[in-house]
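# Close look at the chain arrangement
Now for the letters of each chain:
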Amino acid sequence: MKAINKIIILGMVVALFNSCDLTLLPENAVTPENYFQNKSDLELWTNQFYTLLDEPDASAGTNADDMIDKGMGQVIEGTRSAASETGWSWTKLRHINYFLQHSSNCDDETARNQYNGVAQFFRAYFYFVKVRRYGDVPWYDQVLGSEDQELLVKARDSREFVMNQVLKDFQDAATSLPTKSTETRNTRVTKWAALAFASQAALYEGTYRKYHGLDNYEKYLEIAASTARQFIDESGFSLYKEGTEPYRDMFCADNAKTTEVVLARAYNFEGLQLSHSVQFSIANLQMGFTRRFMNHYLMANGTRFTDKQGYETMFYTDEVKNRDPRLQQTVLCPNYIQKGETTVTANDLTAYCGYRPIKFVGTKDHDGAAKSTSDWPLMRAAEVYLNYAEAKAELGTLKQEDLDISINKIRERAKMPDLNLTDANSNPDPYLAACYPNVEQGANKGVILEIRRERTIELVMEGLRQWDLFRWKEGKQMFNHYVPYYGIYVPGVGTYDMDGDGKPDLEIYETTATSQCDNKKKLDKDIYLSNGTSGYIIGFPKVTYGKDWKEERDYLWPIPADQRVLTQGILTQNPGWEDGLSY
């Protein structure tokens, strides 16, 4: 009840500050002069900043090449336009800057420094998200009033200037924030969260600049490497390793595994954040992984699956055998048993492409829309390890010892052999090279591809894949016009044992089913195959995406047309986008 009361009070305070002229408030109302007086005031105001962080269900709008769903998001569906763009909101920034202008009212220096750090963290996060979406954006570090007309119609600052400010804010936050979350589930930002997100932002900017031909990419990659290394050396975070399936367990835990989870969003039935839909119903799920994604998994002995003779036409029950153990903790495979159950759930090919996700799937009582109470991991130590290795590889300074403190720790947790730098670079994977054609030939090509393999499978479904392809300039890889959304390979009509019990439980038929199988799929009705009566399951047999993908335009969103009108064109439009308006 205390938490609810605090949120209600906070809403009243924000409404007063946001919608009224403070000079007209009654003398006994909340004003900047009588608020921000103590630690409680500072905490209450900054609590609202946490709504900037992604919610679990928001990741559904950032589909890419690894999995598909009935809603693929604006980028892939081609529905972005200047007339309908709604991401240009600055309200939260105003709340952040307002706090930083008035927190000096608090005489408690320790509290003031801590919550200034919170505000700086979220200003950095706010602007990183804006740059990732729009490129150049206007930088504001103060609250604007009616007298600030020139600033209200300010032109866009360069992404380099803004990202420099972003990284400065993250670094300043790291010096002010505590080393431990004030909540046991790591739901509050800390020094280590600031460094972890700094490594994410710097890696994004560094690789975006490198692969898009912009200057000074090295500076950002060096920051990514240094902040990640400080996190690795000093934070005390490590990979969660308890139990027989630690990777699977980490993503369906009601209380975040704080050994590894640096920052989490908490869910429970006692507060206002009741539940979410990420622990989706295993019985009704449609989203599915692509064959392209599945081919990223190595064999359990560290060799490449795509080097195996006949891998292209290997059926589901054979292709998942003896693979990286994370595959069986991410994808429904034969002998899969749901948490809390004792019987096997067979793959019924309901999921698009046939590969059904089980990452984030918990017990049946949490199945279905808005039922899950698992904490959502916003940042994990594993991502920081990956950021470190990739930054060093892209800089050309990666050494075996760097892999040993990053990628190989992730592989150790997965019970996979180590990645060897010399071996990777002497024999780059041709399959991965085809997946990522923009990786240049060079001394580190092989290890860069292997790091991308690790990132793809370790962070799948965590809302990062589309952004990874954007920064690597691999946008075309997301569209079935260029790379078909293929799934499980089906040799032909007939019956199949999908749950590994030795008995057929699925029939794929052309005109009339003849078996006693509980699950039956009719060709060209329930399931479509690439060669008609055999071949890969086609994810979207009647829909083609990406015909009008434009390399010079589509890595950024358009500036909203109405904002261009309001500023009389001072806000310039991103290349290739048209808003259809005159000024």
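In short, a report on the structure. All values derive from a computational prediction rather than experimental measurement.

### Let's talk about the overall build of the protein
What the protein contains, in helices and strands, is 20 helices and nine strands. In the protein, which comprises 583 residues, the share counted as buried stands at 56%. Counting only carbon and sulfur atoms, one obtains 48% of the accessible surface of the protein, whose full area is about 24200 Å².

### With respect to empty space enclosed by the protein
One pass over the structure, following the stated rule, counts three cavities of 30 Å³ or more. Lining of the largest cavity is provided by 14 residues; of these, Y50, Q114, Y115, T182 and R188 occupy positions nearest its centre. For the lining of the largest cavity, the elements supplying multiple residues, two or more each, are α2 (39–46) and α5 (109–134). Considering each element in turn, the lining of the largest cavity owes the most residues, three residues, to α5.

### Looking at the sheet that holds strand β8 (residues 519–522)
One open sheet holds the three strands; their spatial order is β6-β7-β8, and the pairing between them is mixed. Looking along the sheet, the strands with just one partner apiece sit at the ends: β6 (494–496) and β8. Here the average twist between neighbouring strands, direction ignored, is 20°. Relative to strand β7 (residues 506–509), β6 is paired through three bridges, and the arrangement is antiparallel. Of the residues in β7, the one forming a bridge with Y496 is L506.

### A look at the nonpolar core
F121 and Y127 are the most contacted members of the largest nonpolar core, which totals 158 residues. Residue contacts for F121: discarding those within four places in its chain leaves F170, A173, L177, V189, A193, A194 and F197.

What counts and what doesn't
Residues numbered from 1 in each chain as written. Predicted model: local features only at pLDDT ≥ 70, side-chain atom pairs only at ≥ 80, totals over all residues. Heavy atoms only, no water. Helix = DSSP H or I, 4+ residues; strand = E, 2+ residues; numbered from the N terminus. Buried < 20%, exposed > 50% of the residue type's maximum accessible area, 1.4 Å probe, protein only. Areas by Shrake-Rupley, 256 points an atom, 1.4 Å probe, with all protein chains shown as cover. 1 Å grid on protein atoms, 1.4 Å probe; cavity = no way out; pocket = protein on both sides within 12 Å on 5 of 7 lines; lining within 4 Å. Points joined across faces, edges and corners; volume = space filled by probe spheres on them. Pairing = 2+ DSSP bridges. Axes fitted to C-alpha atoms, helices over the stretch in contact; angles between N-to-C directions. Core = buried A, V, L, I, M, F, W, Y, C linked by side-chain atoms within 4.5 Å. Contact = heavy atoms within 4.5 Å.

Distances and angles like these do not, on their own, reveal function.
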